[in-house]
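Here are the chains, one letter per residue:
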Amino acid sequence: MSASTNGQKKWFEIYPELSKTAVTAEQHISEGHFAREISEVFRKTWLFAGLATDISNPGDHFVREFKALKASIILVRGTDSVIRAFHNVCRHRCAKLLPPDAQGCKPAITCEFHGWSYGLDGRLLGVPDADGVLQKEELGLVPIHVGVWNGFVFVNLQQEPKESFQSWLGQMSDHPMNKFPFMETEWESWGWRLEVDANWKVVKDLFVETYHVAFLHRETIDRIYTSPSNPYHHFAAIDFYDKHHKGTAGSSPPTHDMKLGAIAKASVKWGGASVSRFGKAKQAAPGLNPNGIENWGLDQYGMFPNFNVHLFGGLWHYHLFEPVAANRCVWENRIFFPKSKNAGEFFAHAFSQSLQVVVGLEDLAAAERNQAGMETGATPNLALHDQEIQLKFMRKTIADYMNA
Amino acid sequence: MDWALPTNTLRIQKRLASSPEEIREFYSAITPMIDPIIEHLNQFPLDKMPQEQHGLFNLLMAIAEVGIYAEWFNGATEPPIAAGLGGKVQMRWEPQPLAMQR
């Protein structure tokens, strides 16, 4: 289904079945509901795990953990250039092989416990003091299914995924945004993680709707993006792609005083084309603005379940949402700029990532207050606004998995 | 100057450990010189920044980190509506053009 723009109609009129989708406090506070999400959604679908460009060379690897799934995964590039994923667990006595934050390059993966070592393809290569009884060829690392899309690496924890990667991608597999140079451009990135007291959906919601911008971000980005013709940051387009969705925001040329200080102004002056903040001229790149919106500002893709990609002119960021418990979530955010040519551009990027953290902290603080409010039990149902239709779509997709 | 720190993690820690007065003082000291500092550092290739410029480069990175707190939050060390969360941010990735040269 796809309508893109709503004209005079309400989104809920265009998608009446979504207007009926219930969004309850229970879905965000109940341990039972959370356990079902983990078993029926996260254990069965494709989860974003990291970037192929972080493991460009044979032996490059990193570990991705999903605490609520008790999953610890090694992603590694082989000598044949193939990206593989394995459980980060030694076949000897199940010791974890690498620490949770491991990233680097190794010719082999060796267990610190008894020195068993594995090749980049997972084969057990060496067992110190081998007793001749163990069958080495049967004791390779346990593989995990991998899918790669635009350099984004996804894993599926089912032994034999019921849902193929292509089926999960659905309409995103030949979407115009795939032309964006995720892999081709040399990017420089800043990234961080923050664990907060909120359900993973509550956190993700902050990065799906823009209805909150005029209020929650009144001291920060609202002063940049506000426009007399669109004071409540209505989306210019909304699209649904099977399990995934996109909100496209316009960006009117600012006619107001953004009250920028000297350092913010310096970031605009020295940042070249790569900083699209503050209404500066956009850098064109293929794959942006598939709806052809006039005064386009941002395409915000929500990939089900744990991943978002936000494309601006000249910068982009991803968000990973890692459920920890019904009321705990890790937010991982990483922002990308074209590689700096000089100190001035680097300064502008560093300033822009500082701003990104500030705005993210405002979002995450709101998520914690949102969670705490739901936990009071004051009200069973959330009353979602028409501009928040993507939040309903996400709950409907979760329900589809749970009822499958 | 004790704001010349080599990583973003250290700059964030410094911000959180500072008083609003200290942030405003650092901001007032650097800001009038921001354009000359950048013009000066732009003479050098980013990936071959001379050793004697590293201190100034790190000062520039520090003002990039705290500038918004001085300009929008009057020197508050965290966004006012998110107090208490800033200290939990863990930097995981950051480009370090100076470290690449050692």
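Above: the structure in question.
Residues numbered from 1 in each chain as written. Chains lettered and ligands numbered in written order. Predicted model: local features only at pLDDT ≥ 70, side-chain atom pairs only at ≥ 80, totals over all residues. Heavy atoms only, no water.

S.K.: Describe in detail the packing of helix α9 (residues 262-270) of chain A against helix α10 (residues 343-375) of chain A, supporting the description with residues and values.
M.R.: Residues and elements named next belong to chain A. One way to put it is that α9 packs onto α10 with a least axis distance of 8 Å and a crossing angle of 130°. The angle between α9 and α10 places the two elements in the oblique class. Judged by the twist between their axes, the crossing of α9 over α10 is left-handed. Between α9 and α10, the contacting residues are Ile263, Ala264, Ala266, Ser267 and Trp270 on the first element and Gly344, Glu345, Phe347, Ala348 and Phe351 on the second. (Axes fitted to C-alpha atoms, helices over the stretch in contact; angles between N-to-C directions. Helix = DSSP H or I, 4+ residues; strand = E, 2+ residues; numbered from the N terminus. Parallel < 35°, antiparallel > 145°, perpendicular 65-115°, else oblique. Left-handed = near helix turned anticlockwise from the far one by under 90°. Contact = heavy atoms within 4.5 Å.)

S.K.: Got a sec to walk through the pairing of strand β14 (residues 296-303) of chain A? Specific residues and values, please.
M.R.: All names here are of chain A. Within β14, 8 of the 8 residues are buried, which leaves the element mostly enclosed by the surrounding structure. Alignment of strand β13 (residues 244-250) against β14, held across 6 bridges, turns out to be antiparallel. Within β14, the position partnered with Gly247 by the bridge is Gln300. (Buried < 20%, exposed > 50% of the residue type's maximum accessible area, 1.4 Å probe, protein only. Pairing = 2+ DSSP bridges.)

S.K.: Go over a nonpolar patch on the surface, please, and point to the residues and values.
M.R.: All names here are of chain A. There is a patch of nonpolar side chains on the surface, built from Tyr211, Phe215 and Tyr232 and spanning about 310 Å² of accessible area. By the element assignment, Phe215 lies in helix α7 (residues 213-216). Overall, the relative accessible area of 47% leaves Phe215 in the partly exposed class. (Patch = residues over 30% accessible without salt bridge, like charges linked within 9 Å, V, L, I, M, F, W, Y side chains within 5 Å. Areas by Shrake-Rupley, 256 points an atom, 1.4 Å probe, with all protein chains shown as cover. Salt bridge = Lys/Arg side-chain N within 4 Å of Asp/Glu carboxyl O.)

S.K.: Could you give an account of the interface of chain B and chain A, with specific residues and numbers?
M.R.: Chain B puts 37 residues into the contact, and the matching count from chain A is 52 residues. Here chain B packs against chain A, burying approximately 3800 Å² in sum over the two surfaces, 67% of which is carbon and sulfur. For the pair chain B and chain A, the number of links is 1 salt bridge. The closest approach of N and O atoms between B:Asp35 and A:Lys269, which form a salt bridge, is 3.1 Å. For the pair chain B and chain A, the interface holds 13 residue pairs in polar contact (both at pLDDT 80 or more). For the side of chain B that touches chain A, the secondary structure elements donating two or more residues are α3 (34-41), α4 (54-73) and β1 (90-93) of chain B. Element by element, the count of residues in the side of chain B that touches chain A is highest for α4(B), at 12 residues. Tallied by class, residues from the side of chain B that touches chain A come to 24 nonpolar, 6 polar and 7 charged. (Buried area = accessible area lost by both parts, 1.4 Å probe. Polar contact = N/O pair within 3.5 Å; in protein donor to acceptor, adjacent residues only side chain to side chain. Nonpolar A, V, L, I, M, F, W, Y, C, P; charged D, E, K, R; others polar.)

S.K.: Pulling in residues and values, what's your account of the pattern of salt bridges?
M.R.: Residue and element names in this part refer to chain A. Going through the model one piece at a time under the given rule, you end up with 22 salt bridges over all chains. Residue Lys201 is joined to Glu37 by a salt bridge in which the shortest nitrogen-to-oxygen separation is 2.7 Å. A residue pair is termed long-range when its members are at least 10 positions apart, and Lys201 in helix α6 (residues 200-205) and Glu37 in helix α4 (residues 31-42) qualify at 164 residues. Glu37 matches Lys201 in its accessibility class, with the two residues each being buried. Here Glu65 makes a salt bridge to Lys96, at a shortest N to O gap of 2.7 Å. Of this pair, Glu65 sits in strand β2 (residues 60-66) while Lys96 is found in the loop between β4 (83-87) and β5 (103-105), placing the two residues 31 residues apart along the sequence. Owing to a relative accessible area of 17%, Glu65 belongs among the buried residues under this scheme.

S.K.: Account for the environment of A:Lys179, naming residues and giving values.
M.R.: All names here are of chain A. For Lys179, the position within the fold is in the loop between α5 (165-169) and β11 (187-196). Lys179 gets classed as exposed once you look at its relative accessible area, which sits at 59%. Taking the C-alpha atoms as reference, Lys179 lies 8.3 Å from Leu288; in sequence the two are 109 residues apart. If near-sequence neighbours (up to four positions away) are discounted, Lys179 is found in contact with Pro286 and Gly287.

S.K.: Outline helix α2 (residues 20-30) of chain B, listing residues and values.
M.R.: Helical geometry: 3.6 residues make up each α-helical turn, so side chains three or four residues apart lie on a common side. Of the residues making up α2(B), those classed as buried are B:Ile23, B:Phe26, B:Tyr27 and B:Ile30. When α2(B) is viewed along its axis, its buried side chains cluster within an angular range of 100° and face the same direction. Its buried side turned inward, α2(B) meets α9 of chain A together with α1 (8-17), α3 and α4 of chain B. (Arc of directions from axis to C-beta.)

S.K.: Can you tell me about the sheet that holds β5(A), naming the residues and giving the values?
M.R.: All names here are of chain A. Reading across from one edge, β1-β10-β9-β4-β3-β2-β5 is the order of the 7 strands in this open sheet, with antiparallel pairing throughout. Looking at the sheet topology across the chains shown, the edges are occupied by β1 (47-51) and β5. Neighbouring strand axes in the sheet, compared pairwise and without regard to direction, differ in orientation by 30° on average. Bridge count for β4 against strand β9 (residues 143-149) is 2 bridges, and the pairing is antiparallel. Residue pairing across strands places Ala85 opposite Ile144, the latter belonging to β9.

Bear in mind that shape data such as this cannot, by itself, settle questions of function.
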